[in-house]
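# Structure at a glance
Here are the chains, one letter per residue:
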Amino acid sequence: MIEFRDVSYAFEDVPVLEELSLSVESGEFVVLAGANGSGKTTLLRHCNGLLEPDSGTVLVDGTPVADDLVAARSRVGMVFQHPRDQFVAATVGADVAFGPENLGLERSEIDRRVEAALAAVNMAGREDEQIDALSGGEQARVAIAGALAMDPDHLVLDEPFTGLDDPARRSVLERLESLSAEGTGVVLATHDLRDVLALADRLVAMRDGRVVVDDAPERAIAELEGLEVRVPEAFRPEADRC
Ligand SMILES: Nc1ncnc2c1ncn2[C@@H]1O[C@H](COP(=O)(O)OP(=O)(O)OP(=O)(O)O)[C@@H](O)[C@H]1O
């Protein structure tokens, strides 16, 4: 479980998270929505200690992140908004293998994970390609594959669909759905609620650093008015459709 308990955080003196509490159970699929600047990225960066709360606590499986950064970072797989920030190797295969290698796994298991993770993002067989030579969408897919290959207990993804074409997006969604069914907790921040609402157990929406909606998707969408969250047509009440 990932648990935020009364978390407050400010950049300089500007409050960004305000006494925010939220829990995500193992195996739960939570979609995080909210207008630009509502605090989603700031919240997610607390999951593995990239940011530390000014007050309050973030716990991963019961242990405060600050007490055991290594445990938090191996349990929580993160996919950042800007994939370039997370590459550590020059080629696709070496980058995706980096995390499993650090876990000390056997070579055959590492190779199996790299192959499966690349297949899940429609990048099968592209291990030898240079990351610098990939398009933005392809780099985003490699970043997701890197997190998948860690086989983490929880996956936290910040706008993972930016630049992804439809087949890649569908492939990633299918993988997230099966991971969640197998017990991996998924937290996905996105502006693009297309398709993800059908998979989500909960939709959490933020405004001004607080959680203002936390409900099953079908109920939550009725509470999103005024939050600048665009609800896909299929989920809107018939009267609101164009
Ligand atoms: N490094 C930083 N220094 C100062 N202020 C920051 C920094 N990062 C974010 N902020 C501010 O914190 C607030 C929340 O930003 P955050 O990126 O968490 O929002 P978000 O909900 O993820 O937005 P978006 O949907 O645009 O990605 C914004 O007002 C932003 O300007």
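Residues numbered from 1 in each chain as written. Predicted model: local features only at pLDDT ≥ 70, side-chain atom pairs only at ≥ 80, totals over all residues.

- Per an unreviewed UniProt entry, the recorded name for the protein is Biotin transport system ATP-binding protein, and the organism is Halopiger aswanensis.
- The annotation that UniProt attaches to the protein under Sequence similarities (unreviewed entry) is "Belongs to the ABC transporter superfamily."
- On record in UniProt, under Function (unreviewed entry), the comment for the protein is "Probably part of an ABC transporter complex. Responsible for energy coupling to the transport system." (UniProt positions renumbered as here; feature names shortened; annotations may be inferred.)

## Focus on the UniProt feature "domain: ABC transporter" (unreviewed entry) in the protein
- As annotated by UniProt and renumbered to match this structure, "domain: ABC transporter" (unreviewed entry) occupies residues 2-233.
- Taken end to end, residues 2-233 has its terminal C-alpha atoms 31 Å apart, with 32% of it in helix and 26% in strand. (Helix = DSSP H or I, 4+ residues; strand = E, 2+ residues; numbered from the N terminus.)

## Regarding the sheet that holds strand β2 (residues 14-24)
- Strand order in the open sheet formed by four strands is β2-β1-β4-β5, and the pairing between neighbours is antiparallel. Of all strands in the sheet, those bounded by a partner on one side alone are β2 and β5 (63-64).
- Judged from the two bridges that link them, strand β4 (residues 55-60) and β5 form a sheet pairing that is antiparallel. Within β5, the position partnered with V60 by the bridge is T63. (Pairing = 2+ DSSP bridges.)

## Quick word on the site of the ligand
- Residues in close proximity to the ligand include F11, V16, G34, N36, G37, S38, G39, K40, T41 and T42, which together make up its full environment.
- The dominant element in the shell around the ligand, judged by the number of residues it contributes, is helix α1 (residues 40-44), at three residues.
- Class assignment of the residues belonging to the shell around the ligand gives a composition of two nonpolar, seven polar and one charged. (Near = placed C-beta within 6 Å. Nonpolar A, V, L, I, M, F, W, Y, C, P; charged D, E, K, R; others polar.)

## Digging into the sheet that holds strand β9 (residues 202-207)
- Here six strands make up an open sheet; going across it, the order is β6-β7-β8-β3-β9-β10 and the pairing mixed. The sheet terminates laterally at β6 (76-79) and β10 (210-215), the two strands that pair on one side only. Averaged over all neighbouring strand pairs, the angle between strand axes comes to 15°, with direction disregarded.
- With four bridges joining them, strand β3 (residues 29-34) and strand β8 (residues 185-189) adopt parallel strand pairing. When the bridges of β8 are listed, V31 appears paired with L188.
- Where helix α5 (residues 136-149) meets the sheet, its contacts fall on β6 and β7 (154-158), and the angle it forms with β6 comes to roughly 180°. (Axes fitted to C-alpha atoms, helices over the stretch in contact; angles between N-to-C directions. Contact = placed C-beta atoms within 7 Å.)

## Description of helix α3 (residues 92-102)
- Within the sequence span of α3, burial applies to V92, G93, D95, V96, A97, G99 and P100.
- Check the buried side of α3 and you find it contacts α4 (107-120) and α5.
- Immediately beyond the C-terminal end of α3, within one or two residues, lies G104, with a positive phi of roughly 75°. (Buried ≥ 20, exposed ≤ 12 C-beta atoms within 10 Å, placed from the backbone.)

## What to know about the nonpolar core
- Counting 69 residues, the largest nonpolar core has V30, V31, L32, V96, I144, A145 and V187 as the members making the most contacts within it.
- Examining the composition of this core, we find that eight residues originate from one element, α5, more than from any other. (Core = buried A, V, L, I, M, F, W, Y, C linked by C-beta atoms within 7 Å.)

## Observations regarding the environment of G183
- Here G183 lies in the loop between α6 (166-181) and β8.
- The spacing of G183 and S26 is 157 residues in sequence and 5.8 Å in space, taken between C-alpha atoms.
- Those residues in contact with G183 that lie beyond four places of it in its chain are S26 and G27.

## Structural notes on the confidence of the model for the protein
- Of the residues in the protein, 96% reach a pLDDT of 70 or more, and the chain-wide mean stands at 91.
- Predicted complex, confidence summary: ipTM 0.97, pTM 0.90. (pLDDT = per-residue confidence, 0-100.)

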